[in-house]
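The residues making up each chain are set out below.
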Amino acid sequence: MLAYLLAFVLLSAPPLTPTYSSCFEAFLATLNQTNIAEAHGLITHETARTRRLQAIADYQQCKRDAFRAWLRERIRQDPTRYD
């Protein structure tokens, strides 16, 4: 029983490396938080713009990291394919 529980927990855990979908989810979460804070007057328009630009830069970097992780895994699986 413990083995089944452990397997379930390990299989349902998020990946250690970013994926495109996790990058997009983080991007959308940041945009939502920024839009809500701006709509409630908690931050200025300039601060919101800066946060959005930073979210875009973070999203782009996350996508690059996800691609590198994907490529590293493919090379590890079949090193002769990418020579």
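Residues numbered from 1 in each chain as written. Predicted model: local features only at pLDDT ≥ 70, side-chain atom pairs only at ≥ 80, totals over all residues. Heavy atoms only, no water.

## A few points about helix α2 (residues 20-39)
Quick note on the threshold: Helix and strand definitions here come from DSSP, where helices need a minimum of 4 consecutive H or I residues and strands a minimum of 2 consecutive E residues; each element is numbered from the N-terminal end. In a helix, the anticipated span is given by 1.5 Å times the number of residues less one. Exposed residues in this analysis have more than 50% of their type's maximum accessible area, buried residues have under 20%, and partly exposed residues fall in between, with area computed by a 1.4 Å probe over protein chains only. The arc in question is formed by the directions pointing from the helix axis toward the C-beta atoms. Contacts were defined at the residue level, with two residues in contact if any of their heavy atoms lie within 4.5 Å.
The terminal C-alpha atoms of α2 lie 28 Å apart, and with 20 residues this matches the ideal 28 Å at 1.5 Å per residue to within 8%. What α2 keeps buried is the set C23, F27, L31, T34 and A37. All buried residues of α2 lie within an arc of 135° about the axis, which places them on one face of the element. Exposed and facing more than 90 degrees away from the buried side of α2 are E25, Q33, I36 and A39. Buried residues along α2 sit against α3 (45-77). With its phi angle positive at about 80°, G41 sits one or two positions after the end of α2.

## Considerations on α3
Here α3 contains 33 residues, and its C-alpha end-to-end distance of 48 Å stays within 8% of the 48 Å for a straight helix at 1.5 Å per residue. Where α3 is concerned, the buried positions are A48, A55, Y59, C62, A66 and A69. Packing partners of the buried residues in α3 comprise α2.

## Points about the state of the cysteines
To be explicit about the condition: Cysteine sulfurs are considered disulfide-paired once they come within 2.5 Å of each other.
Across all of its chains, the model carries one disulfide by this definition. Between the sulfur atoms of C23 and its disulfide partner C62 the distance amounts to 2.0 Å. Between C23 and C62, the disulfide has an S-S torsion of -80° and is therefore left-handed. In this pair, C23 is assigned in helix α2 and C62 in helix α3, connecting sequence segments 39 residues apart.

## Structural notes on the packing of aromatic side chains
Aromatic rings in a pair are described by how distant their centres are and how their planes are angled relative to each other. Using the following cut-off: Pairing of aromatic rings covers Phe, Tyr and Trp, the last counted by its six-membered ring, and requires centre-to-centre distances within 6.5 Å; plane angles under 30 degrees mean stacked, over 60 mean edge-to-face, and any other angle means tilted.
Summed over the entire model, instances satisfying the criterion amount to four aromatic pairs. Here the aromatic rings of F27 and Y59 are separated by 4.9 Å at their centres, their planes lie at 20°, and the arrangement is stacked. On the criterion of sequence distance, the pair formed by F27 in helix α2 and Y59 in helix α3 is long-range, its members being 32 residues apart. Take F27 and Y59: they sit in the same class, and that class is buried. One aromatic cluster in this structure is built from F24, F27 and Y59.

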